[in-house]
Amino acid sequence: MLSVCVCVSLSLRVSVCLCADAVRGALEQCVFSVAEPVQEYVVRRLGGELCTLQDVERCRLYLSVLRALVQLGDAVGRHRVSLLQRLVPALSRSCLRTLEPHEEQPPQLAAQVQRAVGQSAAAWLCEVALEQPGQLHPDSCPALAALTAHLSRAPMNQMLAKPLANTEQQGCVEEGPCLQGWGRLAAQFVQDQWSCLRLVVSRSAPPPGVLQGAMEALSILPSDQVLPVLSCLRTLLPQLLVSEASLCVEAVTLAWTVVRGLSSSPHDFWPVLRGFIQLVFQQAVLELPPPEHCQLSAAVARIAVELIEMSQTKAGVFNQLIQQCCDTWMPLDAGSDSAFASALTHLDIFTEACLHGPVLRRDQRLLQDVQAYIEQLGEECAANSAVSSDCRDDHFPRVHAMAFLSRLDASNELHKTFMEQLVLRLLNKDEEAARARVRYYGNSLQHRVKNRAWQSLLLLLPRLEEASAARVLGRLYEAGFCGNQASVKYLIEWQIILTLERHPALLPTLWPCFLLGQENNKTSICTFLSVLVHLGTVLQRVDDKAAQWRRALDVILQWCFSHNFSVRLYALLALKRVWALRGDAGVGPGLDGLGGLAALVESSLEQAEAMQGSGCVLPGPHASLSQCHAL
């Protein structure tokens with residue numbers, strides 16, 4: 001029958017992988033034809049026939065067969081109820097009989113193994129009951145209700161009584177061959193107790209002393225087996241935040257210590273980290289008062305900072321954090337305002353998500369640039385088919401942040417406040433990066449921070465109301481006067497254009513930027529001349545188009561006489577684009593209204609066109625600037 005169980009397990013896995021065709025139907029029919037005798041055999045084996053340490057692996061096999069049968073019943077549907085109705089009562093009675101306390105002096109190995117097997121089977125039943133509350137509610141299954149009542153009364157963190165080994169020498173007990181693996185079994189026994197306790201605390205009041213028990217379990221269990229304890233704490237924490245606040249802080253701090261200890265073991269680290277983040281950054285915890293008024297909030301803020309620091313050297317950590325926070329603040333279904341309000345308390349986390357990226361040495365950046373180039377080649381390069389990209393974890397935090405920003409509703413007061421505060425924080429980050437180093441190269445950390453900040457601002461600034469936009473527009477102009485790399489410079493220009501197009505009443509604030517002395521801003525003035533290149537877009541909703549057009553023309557002509565070649569080049573391009581607007585839809589006077597100035601401008605533009613034909617002007621970015629449409 002053991003070989004039959006193995007075959008059933010393999011068949012179930014194959015059935016899940018197959019599409020809905022005749023082969024899958026035949027496999028399902030074959031499995032369900034032997035499902036009842038297999039269940040009876042498994043229940044009998046789990047009910048007391050497993051009595052050696054070698055049988056523990058067989059217990060895991062039997063439980064995996066039952067789990068696969070239930071999953072297949074869920075997928076098919078027609079056998080689900082009958083499977084559970086036959087299986088759960090019999091297995092519940094078997095577990096209850098095995099877990100009843102028995103006095104043994106000295107403890108026997110067979111009895112202790114049977115207790116461990118019974119606890120594992122009870123943990124599996126509780127897991128199924130949590131996954132299918134409608135089918136397996138204790139009130140509808142007396143046997144499961146009796147088992148749940150026994151589990152709720154049982155002491156926490158019970159330990160198996162270690163039996164005597166086979167060899168004894170001079171009164172000193174040595175671990176013989178029959179006890180190899182006993183420590184792993186004892187830890188599994190405690191872990192299964194907490195898997196059962198999840199069902200108890202989800203349907204009744206927390207048992208007294210449960211937080212102390214959880215901290216004890218975190219201390220005695222191996223770090224890779226604490227996931228059920230974290231899952232149980234996730235249910236308990238919202239219920240005990242007020243009554244046992246100090247113990248909650250201790251439990252969260254201890255759990256974080258356990259997670260950090262697993263950082264060198266990837267196989268165990270990621271599931272435990274995910275469980276810990278779901279525990280600490282759940283809605284009830286994020287909605288607590290700010291850190292200065294709440295100890296647990298202060299602990300959570302400190303853990304968030306340490307998680308962000310860890311993410312600099314361990315890719316993927318911040319991805320787990322920001323995904324959990326975004327799902328909590330704004331779930332796919334309609335979330336509450338109280339859930340989103342907690343985002344304002346933890347705005348530091350989201351700000352870091354907008355700027356997130358690894359800190360790379362110069363040699364690592366070279367490798368990253370080469371890898372990015374190869375990935376851009378697409379399927380034409382065989383390396384892209386053979387090796388998947390390993391930089392997704394570095395990109396996903398910003399992807400989650402941008403997706404979150406795109407779902408914000410500017411008409412919602414909370415969302416509007418969030419956007420306004422985030423804009424100010426991102427501008428502060430840009431200024432900090434600018435002060436850190438006056439000059440920086442294109443792939444430096446300062447450049448990456450500034451680039452990511454302005455990419456995020458590009459989604460936010462055009463959606464602000466006019467009063468909020470007016471308060472930050474001056475800081476945009478100040479950023480335009482800084483010495484930025486080309487990519488950052490273009491983002492700043494784009495955002496000034498979009499802001500002025502969205503709020504045309506703010507256009508007069510642009511003209512003072514052209515009044516500074518030429519020696520002080522001979523290169524940064526190109527940023528504002530580039531904005532005038534798109535004056536046609538900005539003027540679409542301006543009432544006094546003619547006056548603003550004439551003001552732009554006066555400014556451009558002034559900078560056409562600059563000593564700096566690049567400034568003159570930008571001014572000439574702006575003049576060409578602005579001059580083309582004359583008389584168009586009420587913008588600017590006709591040629592007769594300009595007098596001799598019209599002939600002078602026309603002559604200058606003709607000369608520029610002749611020089612452009614010879615390749616003397618409008619190289620590279622200057623040419624692309626004239627072809628870009630801001631909207």
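Quick caveat, the model's predicted, so the values are computed rather than measured.

A. How the structure looks around the overall build of the protein. Across its full length, the protein carries 30 helices and two strands. Relative to all contacts within the protein whose residues are 6 or more apart in sequence, the contacts with residues 24 or more apart total 74%. Total accessible area on the protein is roughly 30000 Å²; 54% of this is exposed by carbon and sulfur atoms.

B. Region of interest: the packing of aromatic side chains. Tallied over the entire structure, the rule returns 14 aromatic pairs. With a centroid separation of 5.9 Å and an interplanar angle of 5°, the aromatic rings of Phe340 and Phe404 are classed as stacked. One end of the pair, Phe340, is in helix α16 (residues 337–345); the other, Phe404, is in helix α20 (residues 392–406), with 64 residues separating them in the sequence. By the burial criterion, Phe340 is buried, and Phe404 matches it.

C. Main features of the environment of Leu405. In this structure, Leu405 sits in helix α20. By relative accessible area, Leu405 is classed as buried at 0%. Sequence spacing of Leu405 and Leu460 is 55 residues, and the spatial spacing of their C-alpha atoms is 7.6 Å. Contacts of Leu405, omitting those with residues within four sequence positions, involve Phe350, Phe418, Leu422, Ser456, Leu459, Leu460 and Arg463.

D. Examining helix α8 (residues 182–203) more closely. Its 22 residues place the ends of α8 33 Å apart at the C-alpha level, agreeing with the 32 Å of an ideal helix rising 1.5 Å per residue. α8 sits mainly inside the fold: 17 of its 22 residues count as buried.

E. Quick look at the packing of helix α24 (residues 486–502) against helix α25 (residues 525–533). Contact geometry for α24 and α25: axes closest at 9 Å, N-to-C directions at 45°. For the element pair α24 / α25, the angle class is oblique. The crossing of α24 and α25 is right-handed. Every residue of α25 that contacts α24 at Lys489, Glu493, Ile496, Ile497 and Leu500 is listed here: Cys526, Thr527, Phe528, Ser530 and Val531. Its residues assigned to classes, the contact of α24 with α25 shows six nonpolar, two polar and two charged.

F. Broad picture of the pattern of salt bridges. Per the counting criterion, the structure on display carries 14 salt bridges. A salt bridge links Glu49 to Arg45; its shortest N-O distance comes to 3.2 Å. Of the two residues, Glu49 and Arg45 both sit in helix α3 (residues 35–49), four residues apart, roughly one turn of that helix. Assessed through its relative accessible area of 16%, Arg45 is described here as buried. In this structure, the salt-bridge partner of Lys416 is Glu413, at a minimum N-O distance of 3.2 Å. With Lys416 and Glu413 both in helix α21 (residues 413–436) and three residues apart, the pair spans about one turn of that helix. In this structure Lys416 comes out as buried when scored by relative accessible area, which is 13%. Look at Glu413 and you get exposed, because its relative accessible area is 51%.

G. Quick peek at the packing of helix α6 (residues 109–131) against α8. The geometry of α6 relative to α8 is characterised by a closest axis approach of 8 Å and an angle of 35° between their N-to-C directions. Along this stretch, α6 crosses α8, giving a crossing that reads as left-handed. On the side of α6, the interface is formed by Leu109, Gln112, Val113, Arg115, Ala116, Gln119, Ser120, Ala122, Ala123, Cys126, Ala129 and Leu130, while α8 contributes Trp182, Leu185, Gln188, Phe189, Asp192, Gln193, Ser195, Cys196, Arg198, Leu199, Ser202 and Arg203. Of the residues assigned to the contact of α6 with α8, the class counts are 13 nonpolar, seven polar and four charged.

H. Broad picture of α3. Between its terminal C-alpha atoms α3 stretches 20 Å, which fits the 21 Å expected from 15 residues at 1.5 Å a residue. Among all positions in α3, only Ala35, Val38, Gln39, Tyr41, Val42, Val43, Arg45, Leu46 and Gly47 are buried.

I. Structural detail: unusual backbone geometry. Not every positive phi belongs to a glycine, and Asn157 is a case in point at roughly 60°. Mapped onto the secondary structure, Asn157 falls in the loop between α7 (142–153) and β1 (168–169). Relative accessible area serves as the criterion here: at 7%, Asn157 is assigned to the buried category.

J. A look at the nonpolar core. Judged by nonpolar contacts, the single largest core of 186 residues is most densely connected at Leu46, Phe281, Phe350 and Leu532. Setting aside chain neighbours within four positions, we find Phe281 in contact with Leu286, Val300, Ala304, Leu307, Leu321, Gln324, Cys325, Thr328 and Ile349.

K. Quick peek at the confidence of the model for the protein. Per-residue confidence for the protein averages 80 on the pLDDT scale, and 79% of its residues sit at or above 70. Here residues 618–624 is modelled with pLDDT under 50, and outside its nearest four sequence neighbours on either side it reaches nine contacts, counting other chains as well.

L. Spotlight on the state of the cysteines. For the structure shown, the criterion picks out zero disulfides. Free cysteine Cys59: the closest other cysteine sulfur is in Cys95, separated by 9.2 Å. Relative accessible area serves as the criterion here: at 4%, Cys59 is assigned to the buried category.

M. Just the side chain of Gln324, in detail. The topology assignment puts Gln324 in helix α15 (residues 317–329). Here Gln324 falls in the buried class, since its relative accessible area comes to 15%. A distance of 3.2 Å separates the side chain of Gln324 from the backbone oxygen of Phe281, its partner in a polar contact. Beyond its immediate sequence surroundings of up to four residues, Gln324 is in contact with Ile277, Gln278, Phe281 and Gln282.

N. Broad picture of the environment of Lys162. Among the secondary structure elements, Lys162 is positioned in the loop between α7 and β1. Classification of Lys162 by relative accessible area gives partly exposed; the value is 45%.

How each quantity is defined
- Residues numbered from 1 in each chain as written.
- Predicted model: local features only at pLDDT ≥ 70, side-chain atom pairs only at ≥ 80, totals over all residues.
- Heavy atoms only, no water.
- Helix = DSSP H or I, 4+ residues; strand = E, 2+ residues; numbered from the N terminus.
- Contact = heavy atoms within 4.5 Å.
- Areas by Shrake-Rupley, 256 points an atom, 1.4 Å probe, with all protein chains shown as cover.
- Phe/Tyr/Trp six-rings, centres within 6.5 Å; stacked < 30°, edge-to-face > 60°.
- Buried < 20%, exposed > 50% of the residue type's maximum accessible area, 1.4 Å probe, protein only.
- Expected span 1.5 Å × (residues − 1).
- Axes fitted to C-alpha atoms, helices over the stretch in contact; angles between N-to-C directions.
- Parallel < 35°, antiparallel > 145°, perpendicular 65-115°, else oblique.
- Left-handed = near helix turned anticlockwise from the far one by under 90°.
- Nonpolar A, V, L, I, M, F, W, Y, C, P; charged D, E, K, R; others polar.
- Salt bridge = Lys/Arg side-chain N within 4 Å of Asp/Glu carboxyl O.
- Core = buried A, V, L, I, M, F, W, Y, C linked by side-chain atoms within 4.5 Å.
- pLDDT = per-residue confidence, 0-100.
- Disulfide = S-S within 2.5 Å.
- Polar contact = N/O pair within 3.5 Å; in protein donor to acceptor, adjacent residues only side chain to side chain.

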